[in-house]
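# Notes for the structure review
So the chains spell out like this:
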Amino acid sequence: MILVPLALTFLLVTACSSDPAAPAADAGTADSAPSPDSSAPAFELPALWGAPVLADSDDAPDVVSVKLVAEKTKWTLDGVEYDMLGYNGKLPGPILQAKVGDEIVVELTNKLDEPTTIHWHGLRISDQMDGNPRIQNPVKPGETFTYRFRAREAGTYWYHPHVNSNQQVERGLYGAIVIHSPDAPRYDRERVLLLDDVLVDDKNGVLPPFLGSHPEIMHGRWGNRLLTNGQASSRVTHTAKQGNVERWRIVNTANARTMELEIKGATFRVIGTDGGPLEKPYTTTRLLVPVGQRYDLEVSFEQAGKVELISVTQSVDANNQLVEVPYAVLSLDVAAGEAPRAVEWPAFTPPIGERQATRTVTVELNGQQVSTGVGIAWTMNGQANAKDPLFTFDEGETVRIKLINKAGPEHPFHLHGQFFRIVSDGNPWTDQPGLKDTVLVPGLSTVEIIAYLDNPGRWMAHCHILAHAELGMMSEMVVKPAQK
Ligand code: C2O
Ligand code: CU
């Protein structure tokens, strides 16, 4: 087999066709918000806007017991019906919410035609419950599996399958996880925003074949429609009030699209990242959000009028020039009111403080032409779907991981079960404070992270462009438990 490094590929340009003007329908689904159950603990969970919340069937105050059914569902976008997948028939699935310290019990029933698992992206739990199909036998059609774990840290996380994920996630199997901290300030509203895209063939009412095009093999599956909480983004409109301060929990659940977000008409600061609430909030004008990452924003409505959450997409204009095209992915009509109150942010202590790395390892991200399959394999340290762990670490070790991207396409690298910090080199993709579990490694560049390997187990480490993961950019790292 001849290995040819992949040439630098041209910047992928995917324009979204804009939606026809839509009436300002109220697309917020959760104003009929779930009322906390009657046995609610002393700490009352805030209502969440964006999707229904899973009902806790357990009376114990510190146990959240819920049921998820992975099943086929019909879904309509711009008047065209598609065969999709959903949890409990919904796309995205309902929000799983709990408070720090709760035990979470999720009974998953698989009503798909194929095996599945659920991965709780970002939660530091046992590797046995992490949805890794190399550890857990995937749940077969018709079968049920019960996941049990404890919510150790507050934050915004998400869940999705880890089997055939390029297809299962794209078809709708994903949902938000919100772990509340009793110390968090109360906001006028908490919105959960799952930002996604989907590739549809609307003439035929189908999703085009997976891995069916060269761009998808090179850059992952980019959609031609933007979705916010499973609906056409341009139609997701709601209301707010001048003077209010809201918390927005944003997750990029797309298969491949790195998002660049701005807010027009309101001010915001970043109050949380993958690893939960920040010790110190910070301000920025544009947020770079690779797939898999989360951001919690505090948004203040200083004036009445229109407020938009904008996702900026690169496109080419009539003169063949690269231009930025802004798409509103949430539009709010803000009614006149007062001046916003200042919200005091408690000094959250991060679950892991900064520590010096005692060891450095290197992970090379690359692609190769191969004579099998679609003709390209994506590799980590030269291996596609490495059978043996890339590294074995000791519990409690702090390791500098150098992620070296040898080819053109970018790779959002995700490590399960641990948090890390990104070493800033001044570039926007490294200028990202706070604890993370996912980091963007742009084409032909190197990014360094400091990983805190405090959670023993066998952990998947992979590219979150799900097509890349499927084509080989998937590995494991082992964290050996400390001798007790
Ligand atoms: Cu969200 Cu292994 O992934
Ligand atoms: Cu990748």
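Note that the coordinates shown come from a computational prediction; the quantities given were computed from them, not determined experimentally.

Glancing now at the coordination of the copper ion (ligand 2). For a metal with four tetrahedral donors the ideal donor-metal-donor angle is 109.5 degrees, while six octahedral donors give ideal angles of 90 or 180 degrees. Around the copper ion (ligand 2), the protein contributes the donor atoms H411 (ND1), C463 (SG) and H468 (ND1), which lie 2.0 to 2.1 Å from the metal centre. Sequence positions of the donors to the copper ion (ligand 2) reduce to the motif H-x51-C-x4-H. With H411 in strand β26 (residues 411-415) and C463 in strand β30 (residues 457-463), this pair connects stretches of sequence that are 52 residues apart. You can call H411 buried: its relative accessible area is 1%. Assessed through its relative accessible area of 1%, C463 is described here as buried.

With that out of the way, let us pick up the sheet that holds strand β3 (residues 80-87). What the four strands build is an open sheet, ordered β3-β2-β5-β7; its pairing is mixed. Since the sheet does not close on itself, it has two edges, and those belong to β3 and β7 (144-150), each with one partner. Each adjacent strand pair in this sheet contributes to an overall mean axis angle of 25°, direction not counted. As defined by bridge partners, strand β2 (residues 63-77) adjoins strand β5 (residues 103-110) across eight bridges and the pair is classed as parallel. The residue of β5 that forms the bridge with V69 is T109.

On to the side chain of T379. Looking at the element boundaries, T379 is found in strand β23 (residues 376-380). According to the relative accessible area criterion, T379 is buried, its value standing at 2%. Among residues more than four places away in sequence, those in contact with T379 are E364, L365, N366, G367, Q368, A384 and M473.

The next point concerns the pairing of strand β9 (residues 175-180). Among the six residues that make up β9, six are buried, leaving the element largely enclosed by the rest of the structure. Side chains of β9 alternate between two faces, with G175, I177 and I179 and A176, V178 and H180 buried alike. Strand direction decides the pairing type here: strand β4 (residues 96-99) and β9, joined by four bridges, are parallel. Across the sheet, A98 pairs through a bridge with I179, a residue of β9. Two elements, strand β8 (residues 155-160) and β9, share five bridges in a ladder whose sense is antiparallel. Each residue of the ladder has a partner; that of Y157, found in β9, is I177.

Bringing the sheet that holds β4 into the picture now. To summarise the sheet geometry, strands pair through backbone hydrogen bonds and adopt either a parallel or an antiparallel arrangement. Overall, mixed pairing links the four strands, which are arranged β4-β9-β8-β6 in an open sheet. Only two strands of the sheet have a single neighbouring strand rather than two, namely β4 and β6 (119-121). Mean inter-strand twist for the sheet, computed between neighbouring axes without regard to direction, equals 25°.

Below, the discussion takes up the pattern of salt bridges. Enumeration according to the criterion identifies 35 salt bridges in this entry. For D274, the salt bridge is made with R294, and the minimal N-O distance between the two is 3.7 Å. Of this pair, D274 sits in the loop between β16 (267-273) and β17 (276-282) while R294 sits in strand β19 (residues 294-300), and the two are 20 residues apart along the sequence. As far as the burial class goes, D274 and R294 line up, both buried.

Once that is clear, we can look at the nonpolar core. Judged by nonpolar contacts, the single largest core of 37 residues is most densely connected at V363, I401, F413, L415 and M477. Top element by residues in this core is strand β29 (residues 446-453). It accounts for four residues. Residues from two domains meet in this core; each of domain 2 (193-335) and domain 3 (359-480) gives at least three. Those residues within four positions of M477 in sequence are excluded, and the remaining contacts are V363, F391, F393, I401, F413, L415, G457, R458, W459 and A461.

Detailed reading of the predicted model is not advised wherever pLDDT is low. Residues of the protein chain with pLDDT of at least 70 account for 91%, and the chain-wide mean is 92. In this model residues 1-41 is a low-confidence stretch, pLDDT under 50, and it forms 84 contacts with partners more than four residues away in sequence or in other chains.

Scanning the model with the defined rule gives one cavity of 30 Å³ or more in all. Of the voids in this model, the largest cavity is the one considered here, and its volume is about 90 Å³. If you go around the largest cavity, you meet 15 residues; those closest to its centre are H180, S181, A184, R247 and R249. At the level of secondary structure, the elements contributing two or more residues to the lining of the largest cavity comprise β9 and β14 (245-252). Each residue belonging to the lining of the largest cavity can be placed in one class, and the counts come to eight nonpolar, three polar and four charged. Looking at which domains feed residues into the lining of the largest cavity, each of domain 1 (17-182) and domain 2 (193-335) gives three or more.

With that settled, consider the domain arrangement of the protein chain. When its domains are assigned, the protein chain resolves into domain 1 (17-182), domain 2 (193-335) and domain 3 (359-480). Look at where the C-alpha atoms of domain 2 and domain 3 centre, and you get two points 24 Å apart. With 22 residues of domain 2 at the interface, the matching set in domain 3 holds 25 residues. Interface area for domain 2 against domain 3, summed over the two sides, is near 1,900 Å², with a carbon-plus-sulfur share of 62%. Run the count over domain 2 and domain 3 and you get one salt bridge.

What counts, and at which threshold
Residues numbered from 1 in each chain as written. Chains lettered and ligands numbered in written order. Predicted model: local features only at pLDDT ≥ 70, side-chain atom pairs only at ≥ 80, totals over all residues. Heavy atoms only, no water. Donors = N, O, S within 2.8 Å, 3.2 Å for Na, K, Ca; no water. Helix = DSSP H or I, 4+ residues; strand = E, 2+ residues; numbered from the N terminus. Buried < 20%, exposed > 50% of the residue type's maximum accessible area, 1.4 Å probe, protein only. Pairing = 2+ DSSP bridges. Axes fitted to C-alpha atoms, helices over the stretch in contact; angles between N-to-C directions. Contact = heavy atoms within 4.5 Å. Salt bridge = Lys/Arg side-chain N within 4 Å of Asp/Glu carboxyl O. Core = buried A, V, L, I, M, F, W, Y, C linked by side-chain atoms within 4.5 Å. Domains from an automatic or database assignment. pLDDT = per-residue confidence, 0-100. 1 Å grid on protein atoms, 1.4 Å probe; cavity = no way out; pocket = protein on both sides within 12 Å on 5 of 7 lines; lining within 4 Å. Points joined across faces, edges and corners; volume = space filled by probe spheres on them. Nonpolar A, V, L, I, M, F, W, Y, C, P; charged D, E, K, R; others polar. Buried area = accessible area lost by both parts, 1.4 Å probe.

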